[in-house]
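# Fold and contact review
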Number of protein chains: 2
Amino acid sequence: MKLNQFKARIYKEGLKSTRQREEILNTFLNLSGHKSLSQIFSQVVKADPKIGYTTVYRTLRLLTRLGLATQRKFADGETRYEPTSEGTHHDHLICLDCGKIIEFEDQTIEALQRGIAQRHRFKIFHHRMELYGQCETCRRKKRIAHR
Amino acid sequence: MKLNQFKARIYKEGLKSTRQREEILNTFLNLSGHKSLSQIFSQVVKADPKIGYTTVYRTLRLLTRLGLATQRKFADGETRYEPTSEGTHHDHLICLDCGKIIEFEDQTIEALQRGIAQRHRFKIFHHRMELYGQCETCRRKKRIAHR
DNA sequence: TCATTTTTGAAATTGAATTTCAATTTCATT
DNA sequence: AATGAAATTGAAATTCAATTTCAAAAATGA
Ligand SMILES: [Mn+2]
Ligand SMILES: [Mn+2]
Ligand SMILES: [Zn+2]
Ligand SMILES: [Zn+2]
């Protein structure tokens, strides 16, 4: 149960535990995936119509600060959030037709990236790698539509 | 001289060659690097104070469409443009302190990316890879400042 | 309960990106 | 050189997500 971790962190930071924050965290974790603020908001509102957009916005930033959420900015511009995956970093394959997002890890690439940084005497803090294209499902649909 | 290529392309598309477009292309090419619209605009204005921001905006999009400019959206959010580099694709190392941008190519990584896509039955159209960190110059400055 | 501090949510603001539209310019054709 | 259709320009307006403001409400702990 992440809720207790959250409450503990909140307390440690001198912040307050509220009904809204708990509801938002809960909804966010159940939602999974890579969701935009408005997607998260409309889900939160279903559970409690009194919760405001601003509160969802602020809570997602808080979760990001606490390490429970990870912020992503893919090429479409809208900021997305995903529950932080334990320990591992991953990158993304994104379908430009249907928006499907597949996660992947590649240690060989990560090692090569470190090599590149070293060669240019950079100290890397984080990186971003996204592959944009078309998933198999969408490719099939297009083929059929083309006849 | 890219200007003639540009005029030829403009003509082929049924568009018109104007003083503004020529000035913007010229300034953009001389500027080099990865420049934001406002950076390009303020340079263009030096050459001709009558040219409007909107025209610079539209011309950079036109250049992008024609393949003469490449649009980049790094993590800072502001859209940047760079003259399209012939033939080769490249990725970027970015210093979070001074904004310095270093370009690199790595065929091994590119091949691994193709492998990942294939394994997930994706057809890739383009990708983006950026390594964010601190350049050597900035690291040295920080060290000195820390005493 | 009381006092202090934080949080909430509606509304306002920001800032880059984009669109609108009337005036101007281009350019092929006289 | 003059004409006129089509494209372009630039100032202003609009959009839209992100962020800030601020007064009212809620949480915490003495
Ligand atoms: Mn992910
Ligand atoms: Mn570049
Ligand atoms: Zn798809
Ligand atoms: Zn630097």
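These numbers come from a predicted model, not from an experiment.

### Digging into the side chain of His34 of chain B
All names here are of chain B. If you trace the backbone, His34 turns up in the loop between helix H2 (19-31) and strand S1 (35-36). Of the polar contacts made by the side chain of His34, one reaches the side chain of Glu82; its length is 3.2 Å. Filtering out sequence-adjacent residues up to four positions away, His34 remains in contact with Gln39, Phe74, Arg80, Tyr81, Glu82, His90, His92, Ile101 and Glu103.

### Things to note about the side chain of His127 of chain B
Looking at the element boundaries, His127 of chain B is found in strand S6 (residues 123-134). Residue His127 of chain B is classed as buried on the basis of its relative accessible area of 14%. At a separation of 3.3 Å, a polar atom in the side chain of His127 of chain B contacts the side chain of Glu110 of chain B. In terms of polar contacts, His127 of chain B uses its side chain to reach the side chain of Gln113 of chain B, at 3.3 Å. With sequence-adjacent residues up to four places away left out, His127 of chain B is seen in contact with Glu130, Leu131 and Tyr132 of chain A together with His89, Asp91, Glu110 and Gln113 of chain B.

### Points about the coordination of the zinc ion (ligand 3)
Residue and element names in this part refer to chain A. Donor atoms from the polypeptide that bind the zinc ion (ligand 3) are Cys95 (SG), Cys98 (SG), Cys135 (SG) and Cys138 (SG), placed at 2.2 to 2.4 Å. Coordination at the zinc ion (ligand 3) is tetrahedral, judged from the four donor atoms that bind it and the angles of 103 to 116° they form at the metal. Of note, the donors binding the zinc ion (ligand 3) are all from one chain and are spaced C-x2-C-x36-C-x2-C. Judged by relative accessible area, which is 47%, Cys98 ranks as partly exposed.

### Examining the packing of aromatic side chains
All names here are of chain A. Within this structure, the stated rule accounts for two aromatic pairs over all chains. An angle of 75° between the planes, with centres 5.5 Å apart, marks the rings of Phe41 and Tyr53 as edge-to-face. With Phe41 in helix H3 (residues 37-47) and Tyr53 in helix H4 (residues 53-66), this residue pair connects regions lying 12 residues apart in the sequence. Under the relative-accessibility criterion, Phe41 is labelled partly exposed at 23%. For Tyr53, a relative accessible area of 42% corresponds to the partly exposed category.

### Quick notes on the coordination of the zinc ion (ligand 4)
All names here are of chain B. Coordination sphere of the zinc ion (ligand 4), protein contribution only: Cys95 (SG), Cys98 (SG), Cys135 (SG) and Cys138 (SG), at 2.2 to 2.4 Å. In this structure, the zinc ion (ligand 4) is coordinated by four donor atoms arranged in tetrahedral fashion, with angles at the metal of 104 to 117°. In primary sequence terms, the donor set of the zinc ion (ligand 4) follows C-x2-C-x36-C-x2-C. Of the two residues, Cys98 sits in the loop between strand S4 (91-95) and strand S5 (101-104) while Cys138 sits in helix H6 (residues 136-145), which places them 40 residues apart along the sequence.

### Here we look at the packing of helix H5 (residues 107-119) of chain A against helix H5 (residues 107-119) of chain B
Packing of H5 of chain A against H5 of chain B leaves a shortest axis separation of 10 Å and a crossing angle of 160°. Judged by the angle between their axes, H5 of chain A and H5 of chain B are roughly antiparallel. For the pair H5 of chain A and H5 of chain B, the crossing hand works out as left-handed. Between H5 of chain A and H5 of chain B, the contacting residues are Thr108, Ile109, Leu112, Gln113 and Ile116 of chain A on the first element and Thr108, Ile109, Leu112, Gln113 and Ile116 of chain B on the second. When the residues that make up the contact of H5 of chain A with H5 of chain B are grouped by side-chain class, the tally is six nonpolar, four polar and no charged.

### Structural notes on the pairing of strand S6 (residues 123-134) of chain A
Summarising the sheet, strand S4 (residues 91-95) of chain A and S6 of chain A pair through four bridges and their orientation is parallel. Residue pairing across strands places His92 of chain A opposite Glu130 of chain A, the latter belonging to S6 of chain A. As paired elements, S6 of chain A and S6 of chain B share 11 bridges and run antiparallel to each other. Following the sheet pairing, His127 of chain A is matched in S6 of chain B by Leu131 of chain B.

### Overview of the protein's contact with DNA strand C
Residue and element names in this part refer to chain A. Taken together, 20 residues lie near DNA strand C, and Lys16, Thr18, Arg21, Thr55 and Arg58 sit nearest. Close to the protein, within 4 Å, the atoms of DNA strand C belong to sugar or phosphate groups at a rate of 68%. A distance of 3.1 Å separates a sugar or linking oxygen of DNA strand C from a polar atom in the side chain of Gln20. Contact distances for DNA strand C include 2.5 Å between a phosphate oxygen and a side-chain N or O atom of Arg21.

Rules of the game
Residues numbered from 1 in each chain as written. Chains lettered and ligands numbered in written order. Predicted model: local features only at pLDDT ≥ 70, side-chain atom pairs only at ≥ 80, totals over all residues. Heavy atoms only, no water. Helix = DSSP H or I, 4+ residues; strand = E, 2+ residues; numbered from the N terminus. Polar contact = N/O pair within 3.5 Å; in protein donor to acceptor, adjacent residues only side chain to side chain. Contact = heavy atoms within 4.5 Å. Buried < 20%, exposed > 50% of the residue type's maximum accessible area, 1.4 Å probe, protein only. Donors = N, O, S within 2.8 Å, 3.2 Å for Na, K, Ca; no water. Tetrahedral: all angles 85-135°; square planar, octahedral: opposite > 155°, others 65-115°. Phe/Tyr/Trp six-rings, centres within 6.5 Å; stacked < 30°, edge-to-face > 60°. Axes fitted to C-alpha atoms, helices over the stretch in contact; angles between N-to-C directions. Parallel < 35°, antiparallel > 145°, perpendicular 65-115°, else oblique. Left-handed = near helix turned anticlockwise from the far one by under 90°. Nonpolar A, V, L, I, M, F, W, Y, C, P; charged D, E, K, R; others polar. Pairing = 2+ DSSP bridges. Near = heavy atom within 4 Å.

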